[in-house]
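# Observations on the three-dimensional arrangement
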Amino acid sequence: MLESYYTVKPEGSEEVKIQKSRFIGYVKRCETEEEAQAFISQIKKKHHDATHNCSAYMIGEQDLIQKANDDGEPSGTAGVPILEVLKKRGLKDTAVVVTRYFGGIKLGAGGLIRAYGSTASEAINTTGVVRRQLMKEMKVTIDYHLLGKVENEVRNSDYTLERINYLENVELIVYVESGLEKECEDWMTNLTSGQASIEQGDASYVEFDVTPE
């Protein structure tokens, strides 16, 4: 598993007008090629009356699955520019469809490349990008009199406080970047003067919003 990677939020869209043509960008997180193809088919069905439904996707940890489709636009002017946006922004498991309704003005090859690339980028910005970081769950059990101090320190640290369980003792569920578990344990032990019980849980991805470029 990758320590971290970038992808999009589950789904989103954006529409722009360029030289009287409507360009509608659709974005979806897809973890398999089958999901990506189903998404593309869904948009094509929705916009069956459109001039073009051009698409691209990148799937897999190592981006081994990469596809681009111009859907009738001149070769290399639609699908490839969309794919290049995904590559430039380092987005994994992401599919994009850009639907075009022709407005009567021809854009030329350069204009098409810019139009499809910019629409894909705007749609991605609207959808939102996240960094998925592999984190280890740590359950920290302490007495109630330590809660204020420990909660404050955790919130001001590089660790992520997922939730607090108010039981007989207090349980803080803290996410720590994979590989930093021992460092966190030592820090917590020192913070509580050895009064914390610490258990490691499962590793999972935690998502953090990324500010648009």
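In this text the structure is predicted, and so the values were computed from the model without any measurement.

Procedures and definitions
Residues numbered from 1 in each chain as written. Predicted model: local features only at pLDDT ≥ 70, side-chain atom pairs only at ≥ 80, totals over all residues. Heavy atoms only, no water. Buried < 20%, exposed > 50% of the residue type's maximum accessible area, 1.4 Å probe, protein only. Helix = DSSP H or I, 4+ residues; strand = E, 2+ residues; numbered from the N terminus. Pairing = 2+ DSSP bridges. Patch = residues over 30% accessible without salt bridge, like charges linked within 9 Å, V, L, I, M, F, W, Y side chains within 5 Å. Areas by Shrake-Rupley, 256 points an atom, 1.4 Å probe, with all protein chains shown as cover. Salt bridge = Lys/Arg side-chain N within 4 Å of Asp/Glu carboxyl O. Lys, Arg positive; Asp, Glu negative; His and termini not counted. Charge placed at Lys NZ, Arg CZ, Asp CG, Glu CD. Axes fitted to C-alpha atoms, helices over the stretch in contact; angles between N-to-C directions. Contact = heavy atoms within 4.5 Å.

The buried count for strand β9 (residues 170-177) comes to 7 of 8 residues, which makes it a mostly enclosed element. Looking at chain direction, strand β8 (residues 160-166) and β9 are connected through 6 bridges and run antiparallel. Bridging across to β9, T160 finds its partner in Y175. The antiparallel hairpin formed by β8 and β9 contains 3 residues in its connecting segment.

We now examine a negative patch on the surface. Side chains of E3, D158, E177 and E183 sit close together on the surface and give a patch of like negative charge. Within the secondary structure layout, E183 lies in helix α5 (residues 181-191). On the basis of relative accessible area, E183 is assigned to the partly exposed category, the value being 48%.

This part is about the sheet that holds strand β4 (residues 52-59). Taken together, the 5 strands give an open sheet; going across it, the order is β2-β3-β6-β4-β5, and neighbouring strands pair in antiparallel fashion. The open sheet has two edge strands with one neighbour each: β2 (11-18) and β5 (65-69). On average, adjacent strands in this sheet sit at an angle of 15° to one another, irrespective of strand direction. Along the sheet face, helix α1 (residues 33-46) touches β2, β3 (21-29), β4, β5 and β6 (94-101) and points at about 165° away from the line of β4. Running at roughly 140° to β2, helix α3 (residues 108-127) makes contact with β2, β3, β4 and β6 of the sheet.

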